[in-house]
Amino acid sequence: MTAQGAQRQVFIRTYGCQMNVYDSDRMADLLLRLGYALAPSPEQADLVVLNTCHIREHASEKVYSELGRLRDIKVERRSTGGDLTIAVAGCVAQAEGGEIAKRQPAVDILVGPQAYHRLPQLLAEAERRAAIRKAGKRLPGAGVLDTEFPVESKFDHLPAPHGVRAGSAFLSIQEGCDKFCTFCVVPYTRGAEYSRPVAPVLAEARQLVAAGAIEITLLGQNVNAYHGEADDGSAWSLARLIRALAEIDGLARLRYTTSHPRDVGDDLIAVHGEVPVLMPYLHLPVQSGSDRILEAMNRRHGRDLFRRLADRLREVRPDMALSSDFIVGFPGERDADFDDTMRLIEEVCLASAFSFKYSRRPGTPGWAMADQVPENVKAARLAAMQALLGRQAHNFNLSKVGETVPVLYAEAGRRPGQIVGKTPWLQSVYAEGLGRMVGQIVETRLVEGHANSLAGEIALQPERAREAAA
Ligand code: SAM
Ligand code: SF4
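Nothing here was measured: the structure is a model prediction, and the numbers come from that model.

## As for the site of ligand 2
No. 1: Taken together, Cys177, Lys179, Phe180, Cys181, Phe183, Cys184, Val186, Pro187, Asn222, His260 and Arg299 form the complete shell of residues around ligand 2.
No. 2: Broken down by class, the residue content of the shell around ligand 2 amounts to seven nonpolar, two polar and two charged.

## A word on the packing of aromatic side chains
The relation between two aromatic rings is expressed through the spacing of the ring centres and the mutual angle of the planes.
No. 1: Taken as a whole, this structure holds three aromatic pairs when the rule is applied.
No. 2: Ring centres 5.6 Å apart and planes at 75° place the aromatic pair phenylalanine 180 and tyrosine 188 in the edge-to-face group.
No. 3: You can call phenylalanine 180 partly exposed: its relative accessible area is 36%.
No. 4: A relative accessible area of 37% means that tyrosine 188 is categorised as partly exposed.
No. 5: For the pair phenylalanine 183 and phenylalanine 330, a centre-to-centre distance of 6.4 Å together with 80° between the ring planes defines the contact as edge-to-face.

## Some words on the site of ligand 1
No. 1: Taken together, 17 residues lie around ligand 1, and Phe183, Gln221, Gln287, Asp325 and Ser359 are the ones closest in.
No. 2: Between an oxygen atom of ligand 1 and a side-chain N or O atom of arginine 56, the distance comes to 3.2 Å.
No. 3: Here an oxygen atom of ligand 1 and a side-chain polar atom of glutamine 287 are 2.7 Å apart.
No. 4: A total of 560 Å² of accessible area belongs to ligand 1 in isolation, and the protein chains cover 91% of it.

## Comments concerning the pattern of salt bridges
A side chain of one charge can pair with a side chain of the opposite charge when the charged atoms of the two come close.
No. 1: This structure, assessed with the given rule, holds 33 salt bridges.
No. 2: Residues arginine 71 and aspartate 72 are paired through a salt bridge, measuring 3.2 Å at the closest nitrogen-oxygen approach.
No. 3: Within the structure, one salt-bridge network assembled from shared partners comprises Arg303, Asp304, Arg307, Asp340, Arg343 and Glu347.

Reading the values: the criteria
Each residue is numbered by its place in its chain's sequence as written, counting from 1. Each chain takes a letter, starting from A, and each ligand takes a number, starting from 1, following the order in which they are written. Reporting in this predicted model follows two pLDDT cut-offs: at least 70 for local features of residues, and 80 or more for side-chain atom pairs to be given and counted; totals over whole chains, interfaces and linings ignore these cut-offs and use all residues. With hydrogens and water stripped out, all remaining heavy atoms of the structure feed into the side-chain values. A molecule or strand has a residue near it when one of that residue's heavy atoms lies within 4 Å. Residue polarity follows a fixed list, in which Ala, Val, Leu, Ile, Met, Phe, Trp, Tyr, Cys and Pro are nonpolar, Asp, Glu, Lys and Arg are charged, and the others, Gly among them, are polar. Any two of the Phe, Tyr and Trp rings considered here, Trp counted by its six-membered ring, make a pair once their centres fall within 6.5 Å; the pair's planes then place it as stacked at under 30 degrees, edge-to-face at over 60, or tilted in between. The rule is simple: take the accessible area with a 1.4 Å probe, protein chains only, and divide by the maximum for that residue type; under 20% is buried, over 50% is exposed, in between is partly exposed. In the analysis that follows, any N or O atom pair within 3.5 Å is treated as a polar contact, provided that within protein one partner can donate a hydrogen and the other can accept it, and provided that, for residues neighboring in sequence, both atoms belong to side chains. Each accessible area is a Shrake-Rupley estimate made with a 1.4 Å probe; only the visible protein chains count as cover when residues are assessed. One speaks of a salt bridge when a side-chain nitrogen belonging to Lys or Arg is within 4 Å of a carboxyl oxygen belonging to Asp or Glu.

Here you go:
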C-alpha cells in the first residue's frame with residue numbers, strides 16, 4: 001500500500017486466454033499514463049484489477065475465491081484508515097456483473113472487455129464514492145458498473161502499446177464472435193465480431209517492432225475471420241494483412257491465433273507456403289471428430305474439413321505443425337462419437353492440443369440440452385484423450401531431436417544459467433545460455449525430446465559465441 005503522496009500502485013491478475021493477456025497489457029498502459037506504477041503483489045497495491053475468464057465454470061469460480069482474499073485485505077486496510085480499490089474486468093464482469101456485486105460488495109468497479117478504455121472515468125467515480133463513504137454518508141446503489149458494449153471502439157481510446165516482453169508481443173486485430181457454438185459464452189461476453197481497420201493494425205505492429213518486438217502474434221477469437229477495412233475502402237483478409245506485416249523490417253516471426261476451420265480460405269493456405277516469417281504452426285480448434293456432435297455444437301463443418309485442411313497446409317508447408325482444442329462430454333456424446341474424435345486425432349497427428357471436459361455455461365444453448373454426460377464418463381474420456389495427445393506431442397518433440405533450429409529465448413529458466421525459448425513450432429526449449437540471449441533468436445541444436453519440452457545446446461559459430469559472450 002502506498003504512503004500518502006507516494007506514487008499509486010496497481011496489481012493486475014490475468015485469467016484465461018491470450019486476448020486477456022493483451023487486454024491486461026493495455027489496461028496497464030492506460031493506468032501507467034494515469035500515474036500508477038505496477039505493484040508486485042496485491043498486498044502492495046492501491047488498486048487491484050482481476051481480468052477474468054468465463055469460458056468454463058472453474059475459471060469463474062477462481063475469481064470469487066480471489067475476491068474473498070482481496071476483501072480481507074481491504075477490510076484490514078480500512079481498519080487503519082487506508083483503502084484498496086478492487087476492479088473486476090473481463091468476461092466474468094460482463095456475464096455476471098450483477099451477481100458479483102451481490103456476492104462480493106467489496107468490489108468497486110466492474111468493467112466488461114469492450115469498455116476498459118473507460119477505466120480512468122470509472123476510477124474517478126470510484127474515488128468520489130470512496131470520499132462520500134469516508135465522510136460517513138450513505139452511498140447510492142452498488143459499485144461502479146460499465147458492461148455496455150460501447151458504440152466507440154476501445155482501440156480508438158487506448159494509448160500506444162508498451163507490451164513487448166523479450167522480443168515477443170501480442171497484437172489484437174479481431175474481437176468478438178458471431179458463430180454461436182452451442183457450448184460457448186464468447187458471443188455473449190465479447191459481443192459481435194469486429195475487425196480493426198488495417199491502418200491502425202499496421203501502425204501498432206510497426207510501433208511494437210520499434211519497441212523491440214521480433215515476433216508478433218495476431219490475436220482474435222476468430223482471427224482468420226478478419227476482414228479489416230483498408231484506407232481505400234476495400235476489406236483485407238488475414239492473408240493479405242500477413243503479407244503486408246511480413247514486409248516490416250526487423251519482424252522475424254509472425255503467428256496468429258485462434259482460428260476457425262470454416263474460415264481457413266485458399267489465400268490463407270497459400271500464404272503459409274509463401275511467407276517465410278509466418279511460423280509453421282497453426283492452432284486450429286476442431287472440438288470433436290464426430291459429425292453428429294459437431295452439428296449439435298453448431299460448428300457448421302464436419303470432421304472431413306479438418307482432415308482436408310491439415311493435408312493442404314502440409315502440402316504447401318511440409319513442416320507444418322498443427323494443434324487443436326477438444327471438448328469431451330458435450331451433451332449427447334456417446335462412446336462411438338468419442339471414438340470418432342480419437343480416430344481423427346490419430347489420422348491428423350497433432351504437435352500439441354488443449355482438451356477440456358464440457359462445462360455447462362448458463363445462457364448457452366448447451367446448458368438446456370438433454371442427455372448431459374455424467375462427470376465420471378467425461379473424466380474417463382478426457383484421460384484417454386490426453387494420453388493419446390501426450391504421446392503425439394512427445395513423438396513430435398522426439399522427431400526434432402538432432403536438428404539445429406532458430407529458438408526465440410523468452411526468459412531465464414529455473415536453474416542458474418538456463419534460458420527458455422520457443423522453436424518455430426512453439427515447442428519449449430531449455431538450454432544453457434547467456435542472459436543477453438533473452439529476446440533474441442539463437443540457433444540451437446535440439447538434443448533431447450521430452451513430453452512437454454526439448455533440451456537444446458546453443459549452436460553459435462565460434463566467432464558469434466565470442467561476440468555474444470563479450
Ligand atoms: N474461437 C475458438 C474456436 O472457434 O474454437 C475458441 C475460443 S474459446 C475461448 C477456447 C476454447 O475453450 C475452445 O476452443 C473450446 O475448446 C473451449 N471451450 C469453450 N467453451 C467451453 C465449454 N463450455 N466447456 C469446455 N470447453 C470450452
Ligand atoms: Fe466460441 Fe465458437 Fe465463437 Fe469460437 S467460434 S469463440 S468456440 S462461439
